Amino acid sequence: NAGVTQTPKFRVLKTGQSMTLLCAQDMNHEYMYWYRQDPGMGLRLIHYSVGEGTTAKGEVPDGYNVSRLKKQNFLLGLESAAPSQTSVYFCASSGQGATVEEKLFFGSGTQLSVL
Amino acid sequence: TQLLEQSPQFLSIQEGENLTVYCNSSSVFSSLQWYRQEPGEGPVLLVTVVTGGEVKKLKRLTFQFGDARKDSSLHITAAQPGDTGLYLCAGEETSGSRLTFGEGTQLTVNP
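Residues numbered from 1 in each chain as written. Chains lettered and ligands numbered in written order. Predicted model: local features only at pLDDT ≥ 70, side-chain atom pairs only at ≥ 80, totals over all residues. Heavy atoms only, no water.

**Description of the overall build of chain A**
When you go through chain A residue by residue, the secondary structure sums to zero helices and 11 strands. If you list the helices and strands of chain A from N to C, you get β-β-β-β-β-β-β-β-β-β-β. The C-alpha atoms of chain A give a radius of gyration of 13 Å, which matches the 13 Å a tight globule of 115 residues would have. C-alpha atoms of chain A, sized along the principal axes, occupy 40 × 30 × 25 Å. Relative to its full complement of 115 residues, chain A shows a buried share of 50%. Long-range contacts, defined here as pairs at least 24 residues apart, represent 55% of the contacts in chain A between residues at least 6 apart. Treating the 10 positive side-chain charges of chain A as one cloud and the 9 negative ones as another, the clouds have centres 8 Å apart. (Helix = DSSP H or I, 4+ residues; strand = E, 2+ residues; numbered from the N terminus. Rg over C-alpha atoms; globule rule 2.2 N^0.38 Å. Buried < 20%, exposed > 50% of the residue type's maximum accessible area, 1.4 Å probe, protein only. Contact = heavy atoms within 4.5 Å. Lys, Arg positive; Asp, Glu negative; His and termini not counted. Charge placed at Lys NZ, Arg CZ, Asp CG, Glu CD.)

**Observations regarding the interface of chain B and chain A**
The interface of chain B with chain A comprises 22 residues on the first partner and 24 residues on the second. Our count for the contact surface shared by chain B and chain A stands at three residue pairs in polar contact (both at pLDDT 80 or more). Secondary structure elements with two or more residues in the side of chain B that touches chain A: strand S4 (31-37), strand S5 (44-49), strand S9 (85-92) and strand S10 (99-101) of chain B. Among the residues forming the side of chain B that touches chain A, the class breakdown is eight nonpolar, 10 polar and four charged. (Polar contact = N/O pair within 3.5 Å; in protein donor to acceptor, adjacent residues only side chain to side chain. Nonpolar A, V, L, I, M, F, W, Y, C, P; charged D, E, K, R; others polar.)

**Things to note about the nonpolar core**
Ranked by internal contacts, the top residues of the largest apolar core, which has 20 residues, are Leu19, Leu32, Trp34, Phe63, Leu74, Ile76 and Leu107 of chain B. Taken together, the elements giving at least two residues each to this core come down to strand S3 (19-24), S4, S5, strand S7 (61-65), strand S8 (71-76), S9 and strand S11 (105-110) of chain B. With residues near it in sequence (within four places) discarded, Leu19 of chain B still touches Leu11, Ile13, Leu74, His75, Ile76, Ala79 and Leu107 of chain B. The next biggest cluster of nonpolar side chains, apart from the first, holds 19 residues, and it includes Leu13, Trp34, Val60 and Phe74 of chain A. (Core = buried A, V, L, I, M, F, W, Y, C linked by side-chain atoms within 4.5 Å.)

**As for the environment of Leu19 of chain B**
Residues and elements named next belong to chain B. Within the secondary structure, Leu19 is located in strand S3. Judged by relative accessible area, which is 6%, Leu19 ranks as buried. Sequence spacing of Leu19 and Ile76 is 57 residues, and the spatial spacing of their C-alpha atoms is 5.4 Å.

**Topic: the sheet that holds strand S1 (residues 5-7) of chain B**
All names here are of chain B. Pairing is antiparallel across the open sheet formed by five strands, whose spatial order is S1-S3-S8-S7-S6. Pairing within the sheet leaves two strands with one partner each, and these edge strands are S1 and strand S6 (55-58). Put simply, the sheet's adjacent strands are angled 15 degrees from each other on average, direction ignored. Alignment of S3 against S8, held across six bridges, turns out to be antiparallel. (Pairing = 2+ DSSP bridges. Axes fitted to C-alpha atoms, helices over the stretch in contact; angles between N-to-C directions.)

What follows is the structure, encoded as structure tokens:
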């Protein structure tokens, strides 16, 4: 079972460059999330989606954009990368949101460095 | 956003010792989840606690949800090197559909 797949696994950008992180899930989940993980700060929610064609802002949305054109894919875009966006990015999905009956399934992460 | 604080941030112990990790908030959560994360991987769910005062056991791991649903603890008995990892608590916000994560506790169990 593939579960949640993130591409790429590693990326190095120069300040000002743009890129898109791709998240794909094969579990027919409605909810998808993008988190960033920084030392000592746990996981912080960037954007999330409660279904195909929908997106919503999380805790730290500035500098990022997302799109959910297909139910199985959730894209995270950086239009003009900054060193402060150096982080490990995790995508997650769940069937019915973060409720008691559901858990988040995480991808293995993307290590992004912005120089 | 409701905040969760974990303590300690780092913990290094010898195999066979017991330990407790704490997750505290001033806010009430609908439920609380504990995840374990290994290097290079995403977090994996260990348990969900829902009812105030609830205690759940998973082999040598005991999870407790505070009576007021504002805090939780994870107790590991007779820790083993395989328990090494980053332990994260995450609270379901009362508005639903989102989880707030704590900063994590990095546990190292030395042989």
